[in-house]
Structures are given as C-alpha cells and as structure tokens.
Amino acid sequence: MARYRIGIDVGGTFTDFVLVDMAETRLEFHKEPSVPDDPSAAVERGMRALAEGFGISLGDVELVVHGTTIGLNAIIQRRGARMALVVSKGNRDVLELARLRLPSSYDFTAPRESPLVPRDRVFEVGARMRSDGSVAEAPDAAELEALAAELRGARVDAVAVMLLNSYRDGSLERTVSDALRAALPEAQVSESSTIWPEVREYERCLVAALNAYIQPLMSGYFRRLEARVEAQGVAAPIYITANNGGTLSVATARERPIETALSGPASGVVASTRVGSVAGRAQLITFDMGGTSTDISICPAGVPEFTASTEVGDFPLMMPVVNVSAIGAGGGSILWVDAQGLLKVGPVSVGADPGPVCYGRGGTVPAITDCYLVLGIIDAARFLDGRMALDVEAARAALGGIADRLGFTGPHRAREVAAAALRVASAKMAAEITKLLAQAGVDPRRYSLLAYGGAGPTHANLLVREAGVRSVLIPTAPGTFCALGAILADVRRDYVRTAQHLIGPATVLDPAANGWPAIEALLGTLEREAAAWVSREGSLVGAHDFVVSFNLRYPSQAYELTVIVPMELRDGLNGGTVARLFHEEHHRRYGFSDPATPVQTTTIRLGVIGKVAPVDLPAAAAGTPEPSGRRGVWHDGRSIPVDVYPRSGVGAGALVRGPAIIEQADTTTFLLPGWQARADRLGTLCLTEDAEDTEDTGATEAPQPAEVDPA
C-alpha cells in the first residue's frame, strides 16, 4: 500500500531526506554527503539508506518531492548550454543595452556583467508585433529556413526567441519557434510569450534566455534522476520544488526549469510558516544557515512574502519568487585577514570538498565550523551523530595561523580568533536583518527568528543578541528542514498578462473608459488555462484554488504596487473594489492616497494552487530533559561549564535553562547564559531570555518597551 512520501533537498555539502509515514503520522530524517558531479547519485544512495535504516519498502512510496540548485549554480557559474537568441530586426543589442544602469553608483571603474548570450550568437528575424497586438512584420518560409541554417552553423544546444511586443499576442513568436524546432530537432527552444508574457522586453528576454540556458542541463538531470529513483523500485511520481514555494511535475519542470532555479530557499520558508503557526508566532524571520551561505526571509503575516524583483546570478528575474535574501556567511565561510589587518568572514566558502579544516579532507583554510569546534560548541566525536569524526587539533592549528596574522598571543589565541570570527559573522547577518526589517517598516522585537539548516540553531542565539530579536524557534529537525518544506508544499504555478486599463468606481471614472470588462475577460482566460494545467499535474492533486493579484498605480506613476485580492472578495469582484484595495495599500505604504483618482492596472497575476493531501506533523512525546554530560565552552572571553542535553530527551513542555547545548544528529543548538528553551507540542524549541518566557509558568509578562515616535 502506498503510504510514504519522501522530500529531498540537494545542498552543496549534504543531500537531505525526510520520510513521511502517512499512516502513522511519523517523520524520519537522513543526511547523505552530496555528489557535486552528479547529485542524483546522492539521491539514489540516500533513498537506499532510508529503506535500510527505517525498514520500509520503497515500492510503497506514493510521492517524491525534490529540490535542487543545479540550475541556479549553472547560471551563477556560467556553465549552461551553448545557446543563441532570436530577436526582432533592430533589437539585436537588447542584452548588451540591458537597463543602461551602472553596476555601482559610486565606482565608475566597476565592470558591467557580461551578457548571457554573446552578440555573435544573437540573430535577427523580420518578425515583430505592434503594441496593440497586431502583426507589424512576419517572416516567410525562406527567411525562417535561412535563420535555421545560421543557428545550425552556430552549433547551439538551445535557442531563446523574444520578439518585440509578443507579450500582447504570442502567436507570431510561436510560429518562429515551431519552425526552429522542426528544423533543429536537437536544440531546445524557449519563447518568451510562453515562459512569461509580461511587458519590458529586456526582463522578458532574460526569462526566456535563462530558461533556454539551463534547459538541456536540467532535462538531462531529470532523466538521470527518474532512472535512479525507478531503479530503487519507486513507481511514485516525482515533483520538483518551485521558486514560488510550490511544486511542479517533472514534465512541467523540464519545460520551465527557470521556475525551479530559486526553489531551495523557498521550501524552508514554507516549512517555517507551518511550524511558526503551531507555535503561535506568525511574525517570523526565517534563518537558514547552511554550509555556503545564509538565507533570510521576512514573513510578517504567517505566510511567505513574494517578490517579482530579484536576481539570479548577475541577472534580474521578473517572475514571482519567495522573497529570500542570501548573504555570504555559512558554516563553510572562510576566515581571512585583509590588507589592512582586519579579520573577515566569507563570502568565499570552502565547499563540500575539501570542506572545513576539521573535516580532515585536506582543507587548510579555517571556516566557521572550525570555530564552533574549537570553542567547544560542537563535539568532535558526535558530529552527525558520530558518523563523521572531526579533527579539533587541525582546526586549532589553522586558527592559530589567523591569530599570528592578527597579532593575537597567549594560550587561548585560537579560541579568541574563533570567538572574534563568530562576532564578525553575527554582525554581517544582523546588518542584513536590520536592513530588511527597516525596509518593511517593522520592529525586530515583535518577530521571532526561526533557525534551521545545519548551522542555524548553532548560531541563532548569538545572532539575536546582536540583532535585537527577542525569541528564537528551533524545529525538531533543522538540518533537513528544506526537505520537510518540499513535502509540505502544494502544486503551484503562476500566470501573468500585461493589461493596461483604468479602473475605479463610477464616481471617478467615465463608464466608457472603464477597463474592468476587459480585465474580467482576461481573468477568465487565465483561470481556464490554469485549471487545464493543474488537471494534468497528476492524480495526487485534488481541488485547486486561485490567488489573484494586480500591479497597480496612479496614472503617470513610474512604478506599481502589487495588491493581492483577499479570498472573501473574489466573488463579485469589480474595479471599484480593486481600486479601493490599492488606495488602502498606497496609504499604508506611503502615508497618503487619492481615492478621487482612477487607478491604472499594468499587470494581472493569477496563481493556481493544486491541493495535495496534507501532511500532519507528529506531536512530540512529553519528557523531562536530563543532561548527558558537561563540557567547557569558550564564551565572552572565558571557559564556562555547559550542560549537554540530547534533543530526543527534550519533550513537549520541557524547559532547559542556559547555558546549555542541545545535541541531535543534524545540528547543535547553543543556548546562551540567561536564556531558556521551552518545547511546544511539536517539540519545537522556543528560546527566550529568562525574564521574557512566561508561557505555562504563571509568570507575569515582562512590560514591552514604549514605542518611540520617530519624529
């Protein structure tokens, strides 16, 4: 009987697995060393280990959800397909011109990014649409044959097609693409009107080009993945995590791999909102600290925030993604000394191979993980539950080299360097959190930091002391949290249409100028298209919902606000209601609005969410924590004795007071002096300062600091 689901997240150092037993509401976790040359090999080994370690039959698996950063890495490292770009005549320099912005406003010598497609592989064709959607120029068969011959001579593996104004009507673009597919069967072709039909030709061109750039690589990987999974006796469908926090079938991911490029961090945010809701904390800062970098996201209302303005490598991406900011400070971030003699951390990482010095794989440059070890925060003999022994002496020697360059002396110089490095890393991350919260106009004291990733719980308490955040949540399996998010996600895809119309109530808009009927018709078209797509995504997908949003502005404004229509307003939706929502959001964001002015729509967005039978998170058993030992930890310039607790013994309702260390197979939680950790019904740890944790204690809640008038 099909009863198991498996979530997989491929990272640079480890590939994480979560096994869900749907019949018994049970979760099991596993970490497998990644194989950078072929990540599917680690997937195969990890699934075999799941079967052997937990006594299951892989033939009983009903669903596999897989997250990967292969596409993202290919874009960042510029090792995608050899590709060409086809554009309308006169538009050959679309990638060269970009947005004509300086890379740095304060450095005139800063080099600009190299275009994704070199100019000698950009080809023009006599095909373009007018801005009203009519055909201005169309190529004949001879011109298309000549174009195909040029592309064949360029020996390309992929082609992107972007014709001017094709966001209005993609039929001409599809005609060109179909002709190229027929003439070049070995090449994969992506057209912008199919991938993302939104106004702004540079950004639309990039979406199509990026999709084509990684499509051959991703298609090959998905074939290997399917073959390896099938060889394990798994007949279940495979879904791929998406940038928007949802999942896609492998068939859709093959056609639209750009929608998976930023999916890894998104899965962790999805899981964070689920765990945060159970803990009663909707306002979250998600903190995913892995081996290479740290991903941070702000969730002000218990759901992920989205943005349509982000970057993939050197390039802007206009598709909706979960809003995540990455900074170069992870467990593998290196320590180094700059020309002025200052200690620096990151952004360069030691990677999975050779890894930190303490891994004993030939690494010579110390990293943050070496600092945790030398300070006593992590145990050399119990790392990864004892499956990987660490070399503390090698780490101490490497940190001693940094100490020499900094002029540190004395018997504790390696520890002092390690502590200084953690302060530097904390300051970098706190600065990023402070910036994000300031941009959102929110108070960090009202938020909880939800920490996951292999190093997140280890560093979280150090970070909140720097950032002014008052509480931390640590889920039960932080090291495999993104894999859990993958298996919790529903199927989702986003659709877009550019639609520039005036809307508003009859009191401010002449009925003849009201564009709402045209918008209603477009919404109906999108809903039918989305419903047809979700019906093809597999038998596990049940009912579906729509999420409708608009990009809106006052006439003559240069940029828009995105307004999401609440579900309760969807029935009978009209232009007056949408305009009112915009006025309210404009007033909330900028402090003023003008309800007597019509509102202009620029873009209609529709997301379709296909519901998958939900996963119930298991409740934790009650238990009284007992320390398994004690060790010295270097903190605030001295060694302090710290009790060590196994995470398995910290059951629901349990309380642990700091200083303490809570160890588990996938991470170590460091609890500072003056802080305490209480486990909720799922076993999630809530870290607060002693005076502030009043849950279930009968204590009086500490008074909140008075709000300060910014004036």
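Computed from a predicted model, the values in this text were never measured in an experiment. (Residues numbered from 1 in each chain as written. Predicted model: local features only at pLDDT ≥ 70, side-chain atom pairs only at ≥ 80, totals over all residues. Heavy atoms only, no water.)

1. Focus: the overall build of the protein
Here's step 1: In terms of helices and strands, the protein carries 16 helices and 34 strands.
Here's step 2: A globule of 711 residues ought to have a C-alpha radius of gyration of about 27 Å, and the protein, at 27 Å, matches this closely.
Here's step 3: C-alpha extents for the protein along the principal axes are approximately 80 × 65 × 60 Å.
Here's step 4: Burial statistics for the protein: of 711 residues in total, 54% are counted as buried.
Here's step 5: In the protein, once contacts between residues fewer than 6 apart in sequence are set aside, the share between residues at least 24 apart is 67%.
Here's step 6: Total accessible area on the protein stands at roughly 29200 Å², and carbon and sulfur atoms take up 50% of it.
Here's step 7: Here the protein contributes 66 positive and 84 negative side-chain charges, whose respective centroids are spaced 2 Å apart. (Helix = DSSP H or I, 4+ residues; strand = E, 2+ residues; numbered from the N terminus. Rg over C-alpha atoms; globule rule 2.2 N^0.38 Å. Buried < 20%, exposed > 50% of the residue type's maximum accessible area, 1.4 Å probe, protein only. Contact = heavy atoms within 4.5 Å. Areas by Shrake-Rupley, 256 points an atom, 1.4 Å probe, with all protein chains shown as cover. Lys, Arg positive; Asp, Glu negative; His and termini not counted. Charge placed at Lys NZ, Arg CZ, Asp CG, Glu CD.)

2. Focus on the pattern of salt bridges
Pairs can form between side chains of opposite charge once their charged atoms are near each other.
Here's step 1: Per the counting criterion, the structure on display carries 41 salt bridges.
Here's step 2: Here R119 and D93 are joined by a salt bridge, their closest N and O atoms 2.5 Å apart. Taken together, the residues span a long stretch of sequence, with R119 in the loop between helix 3 (94-97) and strand 6 (122-125) and D93 in the loop between strand 5 (83-88) and helix 3 at a distance of 26 residues.
Here's step 3: Looking at R119, the relative accessible area reads 38%, which means it is partly exposed.
Here's step 4: Across the pair R413 and D404 runs a salt bridge, and its minimum N-O distance is 2.4 Å. (Salt bridge = Lys/Arg side-chain N within 4 Å of Asp/Glu carboxyl O.)

3. Some words on the domain arrangement of the protein
Here's step 1: For the protein, the assigned domains are domain 1 (4-74 + 219-260), domain 2 (79-218), domain 3 (333-423) and domain 4 (490-611).
Here's step 2: Listed by partner, the interface residues are four residues for domain 1 and four residues for domain 3.
Here's step 3: Together, the buried faces of domain 1 and domain 3 total about 420 Å²; carbon and sulfur atoms form 67% of this surface.
Here's step 4: Interface area lost by domain 1 to domain 3 is led by T13, F14 and K31, which between them contribute 74%.
Here's step 5: Where domain 1 touches domain 3, the interface holds zero residue pairs in polar contact (both at pLDDT 80 or more). (Domains from an automatic or database assignment. Buried area = accessible area lost by both parts, 1.4 Å probe. Polar contact = N/O pair within 3.5 Å; in protein donor to acceptor, adjacent residues only side chain to side chain.)

4. A word on the pairing of strand 28 (residues 629-635)
Here's step 1: Bridging between strand 28 and strand 29 (residues 638-646) involves seven bridges; their strand directions are antiparallel. For R630, the partnering residue across the bridge sits in strand 29 and is D643. (Pairing = 2+ DSSP bridges.)

5. A closer look at the sheet that holds strand 10 (residues 188-191)
Working definition: the strands of a sheet are paired by backbone hydrogen bonds and lie parallel or antiparallel to each other.
Here's step 1: Taken together, four strands build an open sheet; the order of strands is 6-5-9-10 and the sheet is parallel. If you trace the sheet from one side to the other, it starts and ends with strand 6 and strand 10, each paired once. The average angle at which neighbouring strand axes cross in this sheet is 20°, direction not considered.
Here's step 2: Two strands pair when backbone bridges link them, and strand 5 and strand 6 are joined in this way by four bridges, in the parallel orientation. In the strand pairing of strand 6, V86 is matched with F123.
Here's step 3: Lying over the sheet, helix 4 (residues 141-153) contacts strand 5, strand 6 and strand 9 (158-162), oriented at roughly 175° with respect to strand 6.
Here's step 4: Set on the sheet, helix 7 (residues 201-231) makes contact with strand 5, strand 9 and strand 10; between it and strand 9 the angle comes to about 160°. (Axes fitted to C-alpha atoms, helices over the stretch in contact; angles between N-to-C directions.)

6. As for helix 10 (residues 368-375)
One full turn of an α-helix is made of 3.6 residues, so residues set three or four places apart face in the same direction.
Here's step 1: The element helix 10 is largely enclosed, with a buried count of eight among its eight residues.
Here's step 2: Within the span of helix 10, buried status applies to I368, T369, D370, C371, Y372, L373, V374 and L375.
Here's step 3: Where helix 10 terminates, the next one or two residues include G376, which has phi positive at roughly 90°.

7. Section: the side chain of T458
Here's step 1: For T458, the position within the fold is in helix 13 (residues 456-467).
Here's step 2: A residue is classified by how much of its surface remains accessible, and T458, at 2% relative accessible area, is buried.
Here's step 3: A polar side-chain atom of T458 sits 2.6 Å from the main-chain carbonyl oxygen of T668.
Here's step 4: Those residues within four positions of T458 in sequence are excluded, and the remaining contacts are Y372, I377, T667, T668 and F670.

8. Description of the nonpolar core
Here's step 1: Among the nonpolar cores identified, the biggest contains 75 residues, and I285 and L449 are the most heavily contacted of them.
Here's step 2: At 13 residues, helix 12 (residues 413-440) tops the list of elements feeding residues into this core.
Here's step 3: Those residues in contact with I285 that lie beyond four places of it in its chain are I296, S297, I298, I433, L437, Y447, S448, L449, L450 and V469. (Core = buried A, V, L, I, M, F, W, Y, C linked by side-chain atoms within 4.5 Å.)

9. Notes on the sheet that holds strand 34 (residues 685-689)
Here's step 1: Taken together, eight strands build an open sheet; the order of strands is 19-14-13-22-23-34-33-30 and the sheet is mixed. Only two strands of the sheet have a single neighbouring strand rather than two, namely strand 19 (325-327) and strand 30 (655-657). Taking each pair of neighbouring strands and ignoring which way they run, the sheet shows an average axis angle of 20°.
Here's step 2: Pairing of strand 14 (residues 294-299) with strand 19, which is carried by three bridges, proceeds in the antiparallel orientation. Within strand 19, the position partnered with I296 by the bridge is S325.
Here's step 3: Contacts between helix 12 and the sheet are confined to strand 13 (284-289), strand 14, strand 19 and strand 22 (448-452), with strand 14 contributing the most and set at about 25° to the helix.
Here's step 4: This element, helix 13, spans strand 13, strand 22, strand 23 (471-474), strand 33 (675-679) and strand 34 of the sheet and lies at about 155° to strand 22.

10. So, the packing of helix 12 against helix 13
Here's step 1: Where helix 12 meets helix 13, the closest approach of the two axes is 9 Å, and the angle between their N-to-C directions is 60°. Judged by the inter-axis angle, helix 12 sits oblique to helix 13. Considering how the two elements wind past one another, helix 12 and helix 13 form a crossing that is right-handed. Each of L422, A425, S426, A427, M429, A430 and I433 in helix 12 lies in contact with helix 13, whose residues at this interface are H459, L462, L463, E466 and A467. (Parallel < 35°, antiparallel > 145°, perpendicular 65-115°, else oblique. Left-handed = near helix turned anticlockwise from the far one by under 90°.)

11. Quick word on the environment of R493
Here's step 1: Looking at where R493 falls in the secondary structure, it is placed in strand 24 (residues 491-503).
Here's step 2: For R493, a relative accessible area of 11% corresponds to the buried category.
Here's step 3: When the C-alpha atoms of R493 and P36 are compared, they prove to be 29 Å apart, with 457 residues separating the residues in sequence.
Here's step 4: Residues within four places of R493 in sequence aside, it is in contact with N244, L248, R256, E259, W533, L606, G607 and V608.
Here's step 5: A polar atom in the side chain of R493 sits 3.3 Å from the side chain of Y495.

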